[in-house]
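Here are the chains, one letter per residue:
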Amino acid sequence: MTKHSNTARSWLAGGFLESRKRFADRIALEVEGKTYTYDQLHQISAAIADNLNRQVNYPDEPQLTAVLGARSLSAYAGILGALFRGHGYVPLNPAFPVERTRQMLQRSGCRALVVDTSGEQILAELLSPGFQPMTLIFPEHQDKTALKNTYPHHCIITADEMTAPGDFDVTLPD
């Protein structure tokens with residue numbers, strides 16, 4: 001990563017963390033008719049970051065995490081989680097043609113993908129046979145049994161496996 005990219009990640013994540021420090025109980029996000037405070041969004045994002053930290057450690061590859069979703073809690077938390085981990089993120093829109101999205105994912109070299117319910121609609125087609133094994137994070141799922149059967153070559157992480165809030169210390173790059 002270039003110095004500029006690290007600065008941009010620090011600024012984005014740092015801005016959120018500063019707002020959380022000052023306004024922990026205020027609404028940070030409103031999506032799908034629900035509201036989430038800075039603390040709630042931080043807890044989910046930090047859990048995603050912790051799982052990225054434990055599961056995705058490929059020092060010779062791009063430090064990127066893809067987020068397949070659209071305007072959902074999982075999409076926003078996935079972006080923050082990637083930034084908290086020190087990764088850049090690759091936004092993937094489930095409404096785009098699957099082949100285009102597959103090319104973006106392959107070219108980016110991402111080894112992790114955060115998926116919301118809208119992203120799940122195209123995921124099986126996106127990860128067609130032969131796609132490199134990835135860590136797939138599903139913050140909206142509690143049970144991974146069906147997901148593991150559908151994506152047997154990938155590491156599956158669901159909400160029930162995520163780290164308890166507060167277990168991940170966010171350290172931003174310089």
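Placed above this text is the structure.
Cut-offs applied
- Residues numbered from 1 in each chain as written.
- Predicted model: local features only at pLDDT ≥ 70, side-chain atom pairs only at ≥ 80, totals over all residues.
- Heavy atoms only, no water.
- Helix = DSSP H or I, 4+ residues; strand = E, 2+ residues; numbered from the N terminus.
- Contact = heavy atoms within 4.5 Å.
- Pairing = 2+ DSSP bridges.
- Axes fitted to C-alpha atoms, helices over the stretch in contact; angles between N-to-C directions.
- Buried < 20%, exposed > 50% of the residue type's maximum accessible area, 1.4 Å probe, protein only.
- Right-handed = clockwise from strand over helix to strand, strands pointing away.
- Parallel < 35°, antiparallel > 145°, perpendicular 65-115°, else oblique.
- Nonpolar A, V, L, I, M, F, W, Y, C, P; charged D, E, K, R; others polar.

### Examining the side chain of Thr135
Here Thr135 shows up in strand S6 (residues 135–138). Ignoring anything within four residues of it in the chain, the contact list for Thr135 reads Gln55, Val56, Arg111, Ala112, Leu113, Cys155 and Ile157.

### Some remarks on the sheet that holds strand S7 (residues 155–158)
Strand order in the open sheet made by the 5 strands is S4-S3-S5-S6-S7, with parallel pairing throughout. This sheet does not close on itself; its edge strands, each paired only once, are strand S4 (88–92) and S7. Across the sheet, the mean angle from the axis of one strand to that of its neighbour is 20°, orientation sign disregarded. Across 4 bridges, S6 lies against S7 in parallel orientation. Bridge pairing links Leu136 to Ile156 in S7. Sheet strands touched by helix H2 (residues 38–55): strand S3 (64–68), strand S5 (112–115), S6 and S7. Its angle to S6, the strand with the most contacts, is close to 165°.

### Some remarks on the pairing of S6
What you see with S6 is no split at all: Thr135 and Ile137 on one side and Leu136 and Phe138 on the other are buried throughout. In this sheet, S6 lies alongside S5 in parallel orientation, the contact comprising 3 bridges. Bridged to Val114 within S6 is Ile137. Crossover S5 to S6 through helix H5 (residues 117–126) is right-handed.

### With respect to the pairing of strand S1 (residues 27–31)
Examined bridge by bridge, S1 and strand S2 (residues 34–37) share 4 bridges and lie antiparallel to one another. Its bridge partner being in S2, Ile27 is matched across the sheet by Thr37. Between S1 and S2, which pair antiparallel in sequence order, lie 2 residues; one of them, Glu32, sits at a positive phi of approximately 50°.

### A word on the packing of helix H4 (residues 98–108) against H5
Axis separation between H4 and H5 bottoms out at 10 Å; the angle between their running directions is 75°. With respect to H5, the axis of H4 lies roughly perpendicular. Mapping the contact onto sequence places Val98, Thr101, Arg102 and Leu105 in H4 and Ile122, Glu125 and Leu126 in H5. For the contact of H4 with H5, the residue count by class is 4 nonpolar, 1 polar and 2 charged.

Any functional reading would require information that these geometric values do not contain.
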